[in-house]
Amino acid sequence: MVFSSLTFLYLFLPAVLIMHAIFRNIKARNGLLLIFSLVFYAWGEPLWVLGMIFTTGVNYACARMISRTESIARRKAHLALACIISLSFLVYFKYAATWINTVTGLAGIEFAMPVQRLPIGISFYTFQAITYTVDIYRQKAEAQKNPLLVLLYISFFPQLIAGPIVQYGDIAEMLNSRSPSHRDVYEGSMRFIVGLSKKVLLANLCGEAINYLPKAGGSAQQSVLGSWLLAVLFALQIYFDFSGYSDMSIGMGRVCGFHFLENFNYPYISKSITEFWRRWHMSLGAFFRDYVYIPLGGNRVSDLRLVFNLLVIWILTGLWHGATWNFAAWGAYYGLLIIIERLVLRRVIDKIPAVLRTVATLFLILVGWVLFYYESLSAGISHIGAMLGMSGGAMSDPISLYVLKTNIVLIAVAVLCCLPWAKMKRTGKHAAQGSAVIDAVLRPALASVLLLLSLSFLVGQSFNPFLYFRF
């Protein structure tokens, strides 16, 4: 069940919100949200909901043992146990087959481990489970005595299967004490509708347009225009797909009284790759920064150690998305770019005109998305060659011209929606009055139109994937 499915929008979500409004007691609300969260996950994973519960139980028990002892050795042992057990599930389902088959293939051994079907959201809830135990170990929060509240933290349906990755220390108090105001309900609803419209009206349509284009990977049919068009459409699709899902998650969380941190901040206006990753999937970046990068020494190390730290972080970032070589290459690609920015260009990058930095950054981002798009690394490299006119293809082709002509308005609207228009506010008395009118009249009216359009499109759309389900 995805947030943009009719089952979720017409049955599941209304049931949750109505009953949440009826229940006033915080314990009753927590119990309600826990039940609905488990049903939500079991809808798609009836068996592996037990795996998530087991992972939660392990981290709950280890965190309790950490809180009960002052022995540093025992605290570290309990932390290591929780991390090893939690990550073992992730490694088995996501990486074991690829890594074992690669080794046996290189060794000439006739053995192939079957690829396991990846439980939905395992990358996200595994990291959240680990943050709980690590935060208790670091004494950032007190160990939770009620195991059901730990399970609610890990399984809460708005952010269960696609984030944002929530750190326990950030919402520990909200689990025990929260009271959503009318403003929370209003702002949360507006945020959810914006996210739904991003997903349905922009991401899905960009994805449908991509399906008409010839792909690279040795295909002589792909022209320079077609290769660039696919890269741009995919960049728009994955942004609106993932940021839209994050908006829906943050919105539903706020309606229920949870204030999640932002996950996206207009990444395509970045003037450097470093800035891009401060704006894209911010919760994942925060996780690797707080739980891996800083323990490795962070920035306060020699240049050689900094290169090592950054490569470790970015290869892990790539592998978090998948075990295949294209994801490892994608992570290493960004790691090398950030190393170059920090160690080679750090004294001159700010002197380059902002427009040129933005254009160069967008080009590098598009190249990165090409590596991310293909399951085969060679196909991604072939596509990049087509973008640079090195594949022998024509400058354009009839199919790409047709797709461009029929989707030019969609692309223009999507590009405009990548810009922070809402933050470009005037100051002064008249600006305040205008903001009040917008908040009271225009926003609800626009949200109503977007909601009706989104629901109408969903009724007729057969193309409604969510890209980050595979992670």
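What comes next concerns the included structure. Predicted model only: the values in this text are computed from it and were never measured.

## Re helix 14 (residues 325-343)
Think of an α-helix as 3.6 residues a turn; residues three or four steps apart then line up on the same face.
No. 1: Across its 19 residues, helix 14 extends 26 Å between first and last C-alpha, which sits within 8% of the 27 Å expected from 1.5 Å per residue.
No. 2: Along helix 14, the residues classified as buried are N326, F327, A328, W330, G331, Y333, Y334, G335, L337, I338, I339 and E341.
No. 3: Those residues of helix 14 hidden inside the fold are in contact with helix 11 (273-279), helix 13 (303-321), helix 15 (354-373) and helix 16 (377-387).

## Looking at the pattern of salt bridges
No. 1: Summed over the entire model, instances satisfying the criterion amount to eleven salt bridges.
No. 2: Where D247 meets K198, a salt bridge forms, and the shortest distance between an N and an O atom there is 2.7 Å. Here the residue D247 occupies a position in helix 10 (residues 224-255), and K198 occupies one in helix 9 (residues 182-210), the gap between them amounting to 49 residues. Comparing D247 with K198, the two get one shared label, buried.
No. 3: With a shortest N-O distance of 3.9 Å, R357 and D350 are connected by a salt bridge.

## Notes on the side chain of Q222
No. 1: Following the sequence through the fold, Q222 ends up in the loop between helix 9 and helix 10.
No. 2: A polar contact is formed between the side chain of Q222 and the backbone oxygen of P214, at a distance of 3.1 Å.
No. 3: Here the side chain of Q222 touches H383 through a polar contact of 3.4 Å, side chain to side chain.

## So, the side chain of E187
No. 1: Tracing the backbone through its elements, the reader meets E187 in helix 9.
No. 2: Classification of E187 as buried rests on a relative accessible area of 17%.
No. 3: Among the polar contacts listed, one links the side chain of E187 to the side chain of R183, at a separation of 2.7 Å.

## Description of the packing of helix 4 (residues 72-107) against helix 5 (residues 122-137)
No. 1: The geometry of helix 4 relative to helix 5 is characterised by a closest axis approach of 10 Å and an angle of 175 degrees between their N-to-C directions. Put simply, helix 4 runs roughly antiparallel to helix 5. Across the interface between the two elements, R75, K76, L79, A82, C83, S86, L87, F89, L90, F93 and K94 from helix 4 touch I122, S123, T126, F127, I130, T133, V134, I136 and Y137 from helix 5.
No. 2: Class assignment for the residues of the contact of helix 4 with helix 5 results in 13 nonpolar, four polar and three charged.

## Examining the packing of aromatic side chains
No. 1: Counted by the stated rule, this structure contains 54 aromatic pairs.
No. 2: Look at W314 and Y334: their rings are 6.4 Å apart centre to centre, the planes differ by 40 degrees, and that puts the pair in the tilted class. You can see W314 sitting in helix 13 and its partner Y334 sitting in helix 14, a full 20 residues away along the chain.
No. 3: Using a relative accessible area of 1% as the deciding quantity, one classes Y334 as buried.
No. 4: Sitting over the ring of W320, K94 keeps its end group 5.2 Å from the ring centre.

## Here we look at the packing of helix 10 against helix 15
Helices that pack against each other are described as a pair by the angle of their axes relative to one another and the distance between those axes.
No. 1: Where helix 10 meets helix 15, the closest approach of the two axes is 9 Å, and the angle between their N-to-C directions is 85 degrees. One finds that helix 10 runs roughly perpendicular with respect to helix 15. Here W228, L230, A231, V232, F234, A235 and I238 of helix 10 come into contact with helix 15, specifically with F363, L366, W369, V370, F372 and Y373.

## Some remarks on the environment of C417
No. 1: Tracing the sequence through the fold places C417 in helix 17 (residues 398-417).
No. 2: Spatially, the C-alpha atoms of C417 and L34 are 35 Å apart, while their sequence positions differ by 383 residues.
No. 3: With sequence-adjacent residues up to four places away left out, C417 is seen in contact with L202, F240 and Y266.

## Some words on the environment of T317
No. 1: Looking at where T317 falls in the secondary structure, it is placed in helix 13.
No. 2: Look at T317 and you get buried, because its relative accessible area is 3%.
No. 3: Taking C-alpha positions, T317 is 27 Å from A414, a pair spaced 97 residues apart along the chain.
No. 4: Ignoring sequence-local partners within four residues, the contact set of T317 consists of L284, F288 and W330.

## What about helix 6 (residues 147-155)?
No. 1: Here helix 6 lies mainly inside the structure; seven of its nine residues are buried.
No. 2: Buried within helix 6 we find L149, V150, L151, L152, Y153, I154 and S155.
No. 3: Of the surrounding elements, those touching the buried residues of helix 6 are helix 2 (26-44), helix 3 (49-68), helix 5, helix 7 (157-160) and helix 8 (168-176).
No. 4: With a side-chain oxygen positioned 2.9 Å from the backbone nitrogen of L148, the residue opening helix 6 is N146.

## Some remarks on a nonpolar patch on the surface
No. 1: Side chains of L6, Y10, L11 and V459 sit close together on the surface and give an oily, nonpolar patch of about 410 Å² of accessible area.
No. 2: The element contributing the most residues to the nonpolar patch is helix 1 (residues 6-22), with three residues.
No. 3: For L6, the location among the structural elements is in helix 1.
No. 4: Its relative accessible area of 33% is what places L6 among the partly exposed residues.

## Looking at the environment of A77
No. 1: Within the fold, A77 resides in helix 4.
No. 2: On the accessibility criterion, A77 (45% relative accessible area) is partly exposed.
No. 3: The spacing of A77 and A209 is 132 residues in sequence and 52 Å in space, taken between C-alpha atoms.

Procedures and definitions
Residues numbered from 1 in each chain as written. Predicted model: local features only at pLDDT ≥ 70, side-chain atom pairs only at ≥ 80, totals over all residues. Heavy atoms only, no water. Helix = DSSP H or I, 4+ residues; strand = E, 2+ residues; numbered from the N terminus. Expected span 1.5 Å × (residues − 1). Buried < 20%, exposed > 50% of the residue type's maximum accessible area, 1.4 Å probe, protein only. Contact = heavy atoms within 4.5 Å. Salt bridge = Lys/Arg side-chain N within 4 Å of Asp/Glu carboxyl O. Polar contact = N/O pair within 3.5 Å; in protein donor to acceptor, adjacent residues only side chain to side chain. Axes fitted to C-alpha atoms, helices over the stretch in contact; angles between N-to-C directions. Parallel < 35°, antiparallel > 145°, perpendicular 65-115°, else oblique. Nonpolar A, V, L, I, M, F, W, Y, C, P; charged D, E, K, R; others polar. Phe/Tyr/Trp six-rings, centres within 6.5 Å; stacked < 30°, edge-to-face > 60°. Lys NZ or Arg CZ within 6 Å of the ring centre and 35° of its normal. Patch = residues over 30% accessible without salt bridge, like charges linked within 9 Å, V, L, I, M, F, W, Y side chains within 5 Å. Areas by Shrake-Rupley, 256 points an atom, 1.4 Å probe, with all protein chains shown as cover.

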